[in-house]
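Fold and contact review
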Amino acid sequence: MIGRFGILLAASALLTACGSGGTGPVIGAVIEEVGGLLPGDERVQERRNPPKPITRQDIETANVAAVWARLTSDPSPTLMYAASENRGQVTYVSSFQQQITLRGSSIRATRGLGWDLLVSWTDGVDPVASPTPPANWPSGITRHYEFPADSPRGTIMNFTCRFEAGDVSEIVILERRYRGLEISEYCSGPDGEFENLHFVDTSTGFVWRSLQWVGPKMDLIDLQILEPLD
């Protein structure tokens, strides 16, 4: 992998068109065959046969929107498929009910991956959520995150973020090659600071892969879009 993605993914010990929003017997069979398990899950050890690697043909046969997602401390990604859509937000679910909710490629909520992100939102248009050609990305954005707390409303953290364009590079996601611009996102606020990294398609502005912050008690999530929801 070329560029900053390659450097960051290596440092984190990472491993190297449109479907419906529902599930069915085909995708269920694919999930069962592939596994979609989180490393360290006791159920991984209980499987008698190791899962076969998923292929592009598997995703095309399943005809369902799908992503790979993993915490950067995990050695392999988890397969998640689109299970529901609500006003532009799509919830992806693994075989063991871990969930990630996306708007476009922006992570808006998580369940079952650790310390849940209840919801996140932005002031203004988020180019990660709404595909925007790199030349038209704003200089920055304000992000808000809500986490569980011992109160009727969760703990809210606010961050001011700025975007900085990097190099044009190529990546391969499940046998398909993409050319894109690496855009770093530097965020800071009263509760700390972090950096996201996005691989942005040079033509459409769609974010095919990103490393995203989802909370101070969680590793970054490495998100790869296998098949987006139309």
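Here the structure is a predicted model, which means the values were calculated and not measured. (Residues numbered from 1 in each chain as written. Predicted model: local features only at pLDDT ≥ 70, side-chain atom pairs only at ≥ 80, totals over all residues. Heavy atoms only, no water.)

Let us now look at the environment of Glu182. With respect to the helices and strands, the residue Glu182 is situated in strand β9 (residues 176-189). Residue class for Glu182 comes out buried when judged on its relative accessible area of 2%. In sequence terms Glu182 and Leu197 are 15 residues apart; their C-alpha atoms lie 7.0 Å from each other. (Helix = DSSP H or I, 4+ residues; strand = E, 2+ residues; numbered from the N terminus. Buried < 20%, exposed > 50% of the residue type's maximum accessible area, 1.4 Å probe, protein only.)

Here we come to the packing of aromatic side chains. Tallying each qualifying case throughout the model produces 12 aromatic pairs. With centroids separated by 4.9 Å and ring planes inclined at 85 degrees, the aromatic side chains of Tyr145 and Trp213 adopt a geometry described as edge-to-face. Of this pair, Tyr145 sits in strand β7 (residues 140-147) while Trp213 sits in the loop between β11 (207-212) and β12 (221-227), and the two are 68 residues apart along the sequence. Grouping residues by exposure puts Tyr145 and Trp213 together as buried. An angle of 70 degrees between the planes, with centres 4.9 Å apart, marks the rings of Phe159 and Phe194 as edge-to-face. Here Phe159, found in strand β8 (residues 155-173), pairs with Phe194, found in strand β10 (residues 192-201); they are 35 residues apart in sequence, far enough to count as distant. Here Phe159 and Phe194 have matching classes, each one buried. (Phe/Tyr/Trp six-rings, centres within 6.5 Å; stacked < 30°, edge-to-face > 60°.)

Okay, the pairing of strand β2 (residues 78-86) next. By the bridge criterion, 4 bridges tie strand β1 (residues 66-71) to β2 in an arrangement that is antiparallel. Bridged to Val67 within β2 is Met80. Between β1 and the antiparallel strand that follows it, β2, lie 6 residues. As judged from the 5 bridges shared by β2 and strand β3 (residues 89-93), these two strands associate in the antiparallel manner. Looking across to β3, one finds that Ser84 is bridged to Thr91. (Pairing = 2+ DSSP bridges.)

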